[in-house]
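One letter stands for each residue in the lines below.
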Amino acid sequence: MLNAGQVFAADGILRNSLSQFEHRPQQEIMAREVEHAIDELAVLLVEAGPGTGKSLAYLIPALSGGRRPVAVSTYTINLQNQLMEKDIPTAEAVIGRRFKTALLKGKNNYLCRRKADDIGKNGLEATLFNRNEIKKNLTVYSRIIECGRGDREEIPVAVPAALWQELACDSETCTRGKCPWFSRCYYFDMRRKASDAELVVTNHALFFSEMLTRFDELDYQAVIFDEAHHVLQAATDCFTIRLHQSRFRRMLYYLSRQLLKGGKKPVPDKLFSLNSLVRDTDKHASSLFSALCSEQQYRKDLTCAELSSAGISRVFDGIEEIRRKVADYAESGELTLDNPEFPEYLAELAEHTAAFLDFDSSQYIFYREGGSGQPELRAARPEIADLLRDTLFSRQSAFIFTSATLGVNGDFSYFRSSVGLPESARGVTLDSPFDFEKQSILFVTPGLPDVDHADFLSKAGIVLEDLLAVTSGRAFILFTSFQMLDRFWCYLSEPLRVQGYFPLRQGQQSRSSLLSDFRSKPKPVLFATASFWEGVDIPGSDLSLVIIMRLPFSSPDDPLLQRKSQLLKEQGGNPFSELSLPEAILRLKQGLGRLIRTAGDHGVLAILDNRFLNKWYGKKIQQALPKMRITNSIDTVKAFYHGKTT
């Protein structure tokens, strides 16, 4: 069995295994810490700056040790792909053996072959409720089928959400072993591989929402959370009760078809009557969401009075009566369902609906998320530390949390307390091996108006064009909202195209396709939001400029943030300094992390939000960033950049 010293030392095995090996003391320290934590089944927190080589520092100790199976959970798909395609094969080569490895994603990431086949054979009649989406996107549908890939991320075309909803696997309508495609099902093929794997790569959302309940069965000896700064949000989502309009429609339409199946044979009166109840309840659910949702306000707190007047009790009564009758008819043999587990999903839907009837506001906060396109109602717990401590972190397994941004100035107390880790959990801070002061420069401009000012678009547009000219594109322009992205895209994309740039916009293509174009096209400029602030690895000169349009503070109308702030105030704390500011710093450091990926990289970071210069907390943010040269002169940026490229 290899130990960390044998592999990561300056004259270790890794030197002979990697053609571009650079000994990184931080990587060696991290590997030793991970090795010890796994051996002792301990909890470890590691903040490791960009360039540490975190993936190999946890993969090699995890795989070479004697405690398996191991789960590695990430937040971004990009990091999952990097692990599967690059880092795990490298670790296997170093150790000298192959491991059974599986990539585990949620069910709705996979194409349902039965649904796709039904639409191919029966056309629009085979759809549940999105016929117009199939009609509008017949070319996209054809490309999905032709590519022969079941993972949405691997489909070489952007798939509209409503179309994918029609084609994706889902639990409620899945017939499992009865399905003629079961032996060739993309999703169940993945599950079969995962059940026998020594190493499972998954994502935070799936780990907490699905795998948490199966932890004893899976018997993970070690769980490694990479991009661990997202663990709190993912776990909060896990314990959030959701009512989706699409789920009501999918389940009720599916049940209606089950009740009326049988071709020309007369439908029994009981089932015909139940189908009428199904249709009425679907109408009531549609009315509920229409009453509570609007395009104008994406997120809104909900009160008991609003839910009551919108008809929540009428929807619950309908779902509960449907649940009882389906259970009775299925038990008596009067109703045969393709999916025998469907009554359980109906019971879950009834239970979740009931939560919105008579709620305890001290335990949950209730709000609506999304506009009229994909609305959902949410009941979220503002604090989940005790839940996580009791359900997960009390187990006899090693838990390792790592990220480039896990604490603030070496302090892990916010992270520990928010996710329920003991104070005794060891925390280690490792500086980046990169020299940011030599490899990068930070551009700020005091002359710009506030980001919400009417003149910000035009004046920031001039600055953007000046910066892009320095690096010939090769830039990420990062926004905190799609609304702001859309404004700048409409204003700048065509002028940039005329000037010879290749503008790309998040949402126009799949993520992998966007990154492929960014690497291969001349003078690329990517307009993107939150998901591109992290988990993107573009080393070298391909990415030379990262522009932060707005400091990444959470929206003040976020109901969870409001409740957490209220609780913090009641405890005598300062919500801005102890909650909002640390979170914004972590996000900003992630955005900076896209720029410098190797010791030979160099680039420009620009922050166009004048609060960085004008507000008291700008100094706090600056102190939390790596030490960098700061300038407000484009000429200085030019001299720096061209001095590095010549």
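Note: the structure precedes this text.
Residues numbered from 1 in each chain as written. Predicted model: local features only at pLDDT ≥ 70, side-chain atom pairs only at ≥ 80, totals over all residues. Heavy atoms only, no water.

Caption draft 1: Broad picture of the overall build of the protein. Within the protein, the secondary structure is distributed over 29 helices and 18 strands. Here the C-alpha radius of gyration of the protein, 26 Å, is about what a compact globule of 646 residues would show, namely 26 Å. Viewed in the frame of its principal axes, the protein has a C-alpha envelope of about 80 × 65 × 55 Å. Intrachain contacts of the protein at a sequence separation of at least 6 include 76% that bridge at least 24 residues. Carbon and sulfur atoms make up 47% of the accessible area of the protein, which amounts to about 28200 Å² in all. (Helix = DSSP H or I, 4+ residues; strand = E, 2+ residues; numbered from the N terminus. Rg over C-alpha atoms; globule rule 2.2 N^0.38 Å. Contact = heavy atoms within 4.5 Å. Areas by Shrake-Rupley, 256 points an atom, 1.4 Å probe, with all protein chains shown as cover.)

Caption draft 2: Seen up close, unusual backbone geometry. Residue Pro69 is bonded to the preceding Arg68 through a cis peptide linkage, with omega at 10°. With respect to the secondary-structure elements, Pro69 resides in the loop between helix H4 (54-64) and strand E2 (70-74). Here the phi dihedral of Ser472 falls at roughly 55°; this positive angle occurs in a residue that is not glycine. Structurally, Ser472 is set in the loop between helix H22 (456-471) and strand E13 (475-478). In this structure, Arg474 takes a positive phi of about 50° despite not being glycine. Among the structural elements, Arg474 can be located in the loop between H22 and E13.

Caption draft 3: Highlighting the sheet that holds strand E3 (residues 101-103). One open sheet accounts for 7 strands, arranged E3-E4-E2-E5-E10-E1-E11; its pairing is parallel. Of all strands in the sheet, those bounded by a partner on one side alone are E3 and strand E11 (426-430). In this sheet, adjacent strand axes meet at a mean angle of 15° when their direction is disregarded. Note: strand E1 (residues 43-48) against strand E10 (residues 398-403), 5 bridges, orientation parallel. Bridging across to E10, Val43 finds its partner in Phe399. (Pairing = 2+ DSSP bridges. Axes fitted to C-alpha atoms, helices over the stretch in contact; angles between N-to-C directions.)

Shape is all these values report; function is a separate question.
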